[in-house]
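This is what each chain is made of:
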Amino acid sequence: MDLRKLKYFAGVVEAKSISRAAETLHVAQPALSKSIQALEFDLGTPLLQRSPQGVTTTEAGARLYEHCQILFKQVDRARSDVRRAVGAPSGQVVLGMPHSLVAVIALPLLQMMTRRFPEVRLELRQDQSHVLAAAVRAGKLDFAVIASPRSRSGLVCQQLLIEELFFITSRSEDADVGTSISFEDASRYSFVLPAMGNGLRAAVEGHFRSRSLPLDVKYEVDAIGLITQCVDAGLGASLLPGGCLERDANFSRMRVRSFAEGGCHRGVVLCHAEEASLSPAAACAISLAEELTNDLITEKLWLGARLD
């Protein structure tokens, strides 16, 4: 058993509904159901009785819920005791992310920080990965979550995950195709991609160049939301990471395919400056960012992402 699964279970018991609990906990309903099922499997007994009217606890579930209340109080007491002993972290933390990661991480990270460390003020800056890496080196950011930089000089980088890049076309333009495509077939399309210097553009070019295949970039667009609109309008194909793609308003209108050969991906790293001494507040924010990315992948809430 882990604490997160117990909190999910208690949330369902209190809401008397998996769907209502999913909204309250800000967790996708399928992921919440899987978490409860995993807990039942671990304990070897049903914990909830499901009906059209909602859910109620079994006898075993009722006992577990009582233990949860005791455990949660002990955890809160321990957290309070430690904070009183060392002082709760406070102050400003400045972090950076590119748009493709802001769409996935930013809101839940802000929510976690507000709950766990209310005295920390989080300032989020959005820019291209190479710009953010330079800002970290210059001491303008406490840390950044970015695509793997070409040069790690002056940076301490920890790889968080590997994210798959998907080939997308308009559903209306590309009918009756499979769920995957070869790089060779993809090279016959015209593309809508970010401008030169963008980390995503560099990753895409690298994959095609390594296979000695052409890449016809017809339109250069840095705004990912506009890229998907261009694709939907039939102006070209694109390659986008799964996390931001599945959260895009145009996702349902895209035909999304992986590459048959595999290996079309990018690394995502957390980095801070070599010489910088991280403040307690920055260290807490980094810890939460690591926890969040792990949870999103474990709960299958990040399309095409895997832990390194």
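Details of the structure are given in the entry above.
Predicted model, so just to flag it, every value in this text is computed and none were measured.

S.K.: Can you explain helix α2 (residues 18-25)? Please cite residues and give values.
M.R.: Ile-18, Ala-21 and Ala-22 are the residues of α2 that are buried. The arc enclosing the buried residues of α2, seen along the axis, measures out at 105°, which places them on a common side. Exposed and facing more than 90 degrees away from the buried side of α2 are Glu-23 and Thr-24. In this fold, the buried residues of α2 make contact with α1 (3-15), α3 (29-43), β1 (48-51) and β2 (54-57). His-26 occupies a position one or two residues after α2 and carries a positive phi of about 60°.

S.K.: I'd like a description of the layout of surface pockets, backed by residues and values.
M.R.: By volume, the largest pocket amounts to about 1200 Å³. Taken together, 37 residues make up the lining of the largest pocket; nearest its centre are Tyr-8, Leu-25, Val-27, Met-112 and Arg-115. A per-element tally of the lining of the largest pocket places helix α5 (residues 99-116) first, with ten residues. By residue class, the composition of the lining of the largest pocket is 20 nonpolar, five polar and twelve charged.

S.K.: Can you lay out the packing of α1 against α3 for me, pointing to particular residues and giving the numbers?
M.R.: Relative orientation of the contacting elements α1 and α3 amounts to 110°, with a least axis distance of 9 Å. Here α1 is positioned roughly perpendicular relative to α3, judged by the angle of their axes. Taking contact as the criterion, the partners of Lys-5, Leu-6, Tyr-8, Phe-9 and Val-12 in α1 are, on α3, Leu-32, Ser-35, Ile-36, Ala-38 and Leu-39. Per-class residue counts for the contact of α1 with α3 are eight nonpolar, one polar and one charged.

S.K.: Tell me about the environment of His-272, residues and numbers included.
M.R.: Take His-272: it is sitting in strand β12 (residues 265-273). On the accessibility criterion, His-272 (17% relative accessible area) is buried. Once the C-alpha coordinates of His-272 and Phe-72 are considered, the two residues, 200 residues apart in sequence, prove to be 33 Å apart. Sequence-distant contacts of His-272, that is, excluding residues within four places in its chain, are made with Val-136, Asp-142, Phe-143, Gly-154, Leu-155, Val-156, Leu-278 and Ile-286.

S.K.: So what about the side chain of Glu-299? Which residues, and what values?
M.R.: Relative to the helices and strands, Glu-299 is located in the loop between α11 (280-298) and β13 (305-307). Overall, Glu-299 belongs to the buried group, its relative accessible area being 12%. A polar contact of 3.1 Å, which involves the side chain of Glu-299, links it to the side chain of Arg-4. Those residues within four positions of Glu-299 in sequence are excluded, and the remaining contacts are Arg-4, Tyr-8 and Ala-31.

Definitions and cut-offs
Each chain carries its own residue numbering, running from 1 in the written order of its sequence. Local features are withheld for residues below a pLDDT of 70 in this predicted model, meaning they are given only at 70 or higher, and side-chain atom pairs are given and counted only at 80 or more; totals for whole chains, interfaces and linings count all residues. Water and hydrogen atoms were dropped before computing side-chain values, which therefore reflect all heavy atoms in the structure. Accessible area is worked out with a 1.4 Å probe on protein chains only. A residue is then buried under 20% of its type maximum, exposed over 50%, and partly exposed in between. Under the scheme used here, helices are H or I runs from DSSP no shorter than 4 residues and strands are E runs no shorter than 2 residues, and both carry numbers assigned from the N terminus. Think of the arc as the fan of directions from the helix axis to the C-beta atoms. In what follows, residue pairs with any heavy atoms lying within 4.5 Å of each other are defined as contacts. Using only the protein atoms, space was sampled on a 1 Å grid; points where a 1.4 Å probe fits but cannot get out form cavities, open sets with protein on both sides within 12 Å along at least five of seven lines form pockets, and lining residues are those with an atom within 4 Å of a point. Grid points are joined across faces, edges and corners, and a volume is the space filled by probe spheres set on the points. Here the term charged refers only to Asp, Glu, Lys and Arg, the term nonpolar to Ala, Val, Leu, Ile, Met, Phe, Trp, Tyr, Cys and Pro, and the term polar to all other amino acids, Gly among them. Only the stretch in contact is used when fitting a helix axis, every axis being a line fitted to C-alpha atoms; angles between N-to-C directions are given from 0 to 180 degrees. In what follows, roughly perpendicular refers to angles from 65 to 115 degrees, roughly parallel to angles under 35, roughly antiparallel to angles over 145, and oblique to any angle outside these ranges. N or O atoms within 3.5 Å of each other form a polar contact, as long as, within protein, one can give a hydrogen and the other can take it, and as long as residues adjacent in sequence are counted only when both atoms are side-chain atoms.

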